[in-house]
Amino acid sequence: MNPYVLTILLSSLGLGTTLTFASSHWLLAWMGLEINTLAITPLMAQHHHPRAVEATTKYFLTQATAAAMILFASTTNAWMTGEWSINDLSNPLASTMFMTALALKIGLAPMHFWMPEVLQGLDLLTGLILSTWQKLAPFALIIQTAQTIDPLLLTLLGITSTLVGGWGGLNQTQLRKILAYSSIAHMGWMIIVIQYAPQLTLLALGTYIIMTSAAFLTLKTLSTTKINTLATTWSKTPILASTTALVLLSLGGLPPLTGFLPKWLILQELTKQDLPIIATTMALAALISLYFYLRLCYAMTLTISPNTTNSTAPWRTQTTQTSLPLALFTTAALGLLPMTPTIMMLAT
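The chain is annotated in an unreviewed UniProt entry as NADH-ubiquinone oxidoreductase chain 2 of Cirrhinus mrigala. Its UniProt record gives the chain the following Subcellular location (unreviewed entry) comment, quoted word for word: "Mitochondrion inner membrane". As its UniProt record puts it under Catalytic activity (unreviewed entry), the chain is described as follows: "a ubiquinone + NADH + 5 H(+)(in) = a ubiquinol + NAD(+) + 4 H(+)(out)".

With that out of the way, let us pick up the pattern of salt bridges. Any two side chains of opposite charge can pair, given that their charged atoms come close. Considering all chains together, one arrives at three salt bridges under this definition. Glu 54 is paired through a salt bridge with Lys 58; the nearest N and O atoms lie 2.9 Å apart. Of the two residues, Glu 54 and Lys 58 both sit in helix α3 (residues 50-81), four residues apart, roughly one turn of that helix. Here Lys 58 falls in the partly exposed class, since its relative accessible area comes to 31%. Lys 177 is the salt-bridge partner of Glu 117, the closest N and O atoms lying 3.6 Å from each other. One end of the pair, Glu 117, is in helix α5 (residues 114-120); the other, Lys 177, is in helix α9 (residues 175-192), with 60 residues separating them in the sequence. What makes Glu 117 partly exposed here is its relative accessible area of 36%. Looking at Lys 177, the relative accessible area reads 18%, which means it is buried. Three or more residues joined by partner-sharing salt bridges are found here, namely Glu 54, Lys 58, Glu 117 and Lys 177.

Examined against the element boundaries, Thr 41 turns out to sit in helix α2 (residues 26-44). Each residue touching Thr 41, except ones within four places of it in the same chain, is listed here: Thr 56 and Phe 60.

The next subject is the packing of aromatic side chains. Applying the stated criterion across every chain yields a total of four aromatic pairs. An angle of 10° between the planes, with centres 5.7 Å apart, marks the rings of Phe 260 and Trp 264 as stacked. With Phe 260 and Trp 264 both in helix α14 (residues 260-272) and four residues apart, the pair spans about one turn of that helix. Between Phe 292 and Tyr 293 the ring centres are 4.8 Å apart and the planes differ by 50°, which places this aromatic pair in the tilted class. Residue classification places Tyr 293 among the buried positions, given a relative accessible area of 2%. Directly above the aromatic system of Trp 189 lies the positively charged group of Lys 263, at a separation of 5.3 Å from the ring centroid.

If you trace the backbone, Pro 3 turns up in helix α1 (residues 3-22). Among the residues examined, Pro 3 registers a relative accessible area of 54% and is labelled exposed. When the C-alpha positions of Pro 3 and Gly 121 are compared, they lie 23 Å apart, and in sequence the two are 118 residues distant.

Cut-off values and rules
Residues numbered from 1 in each chain as written. Predicted model: local features only at pLDDT ≥ 70, side-chain atom pairs only at ≥ 80, totals over all residues. Heavy atoms only, no water. UniProt positions renumbered as here; feature names shortened; annotations may be inferred. Salt bridge = Lys/Arg side-chain N within 4 Å of Asp/Glu carboxyl O. Helix = DSSP H or I, 4+ residues; strand = E, 2+ residues; numbered from the N terminus. Buried < 20%, exposed > 50% of the residue type's maximum accessible area, 1.4 Å probe, protein only. Contact = heavy atoms within 4.5 Å. Phe/Tyr/Trp six-rings, centres within 6.5 Å; stacked < 30°, edge-to-face > 60°. Lys NZ or Arg CZ within 6 Å of the ring centre and 35° of its normal.

Right, here's the structure in full:
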């Protein structure tokens, strides 16, 4: 892609998210989301592969539907209350419609069906942008309006997403689809606690972005998108194979890795709110997700590559990308748990 065009598209991505962050008026927030969608669409279709074009079309239709619902909800709210301010979402019909639209935007279950299919059609770097940066603007709106949304709806979205994210990833062989289901499960953890402690939602979003970035950059370095090609990594880059296994366990939420931090604090908050059944359900749903992360770790570090693999398996990874972002994200994904007391002090 032409570097000037790429610069304009990435700048527009940043502009759209910043506009939504800074807006207090519904139309401005909607405009920011639309700029975001229109900026990432050419990035998704840049390889002109039929799968990429199909994924781009699915993504565009989904996001356009969600944007239309947001516009309809905000118009309904303005019609009923006479207010266009984001903080005055007092009409229950408008708030429910608005939350449903944002759930469709970020891929919360049961509005998640587009997410694995779209991510599977993209290259890894565009998939990384879709899984991380594209979640920021909708989450800014959800956090601002969380107190006006029906608590039962938020709880149902959270539990369903965590269960579907765990269950859907069990039988997958494509790494991008596994990361898509991982994303759905993590979104569920963020939504379940948003009505009680929005700062924990931000913490979970931050750690999710760090861990997902480390996972995507690793797969990009290894040039792998399937489980069976993971088995060849130990012979090419043994150190990267071991750190990748740890990053996957961090995504699963095992101590003493970074991924344990948000899950621990969210379960603690749910218990404080006298919701032991929801906390237990979330913890058990996390175990389902942990199974497929362990499966990836097993394929990567404990098996020898089968002779029947269809993809080329070079002995040395040829890569032109800089390894600094990978090193930084991997370090952060593995070692932030000791920062817990500081984070808890800042969060309360």
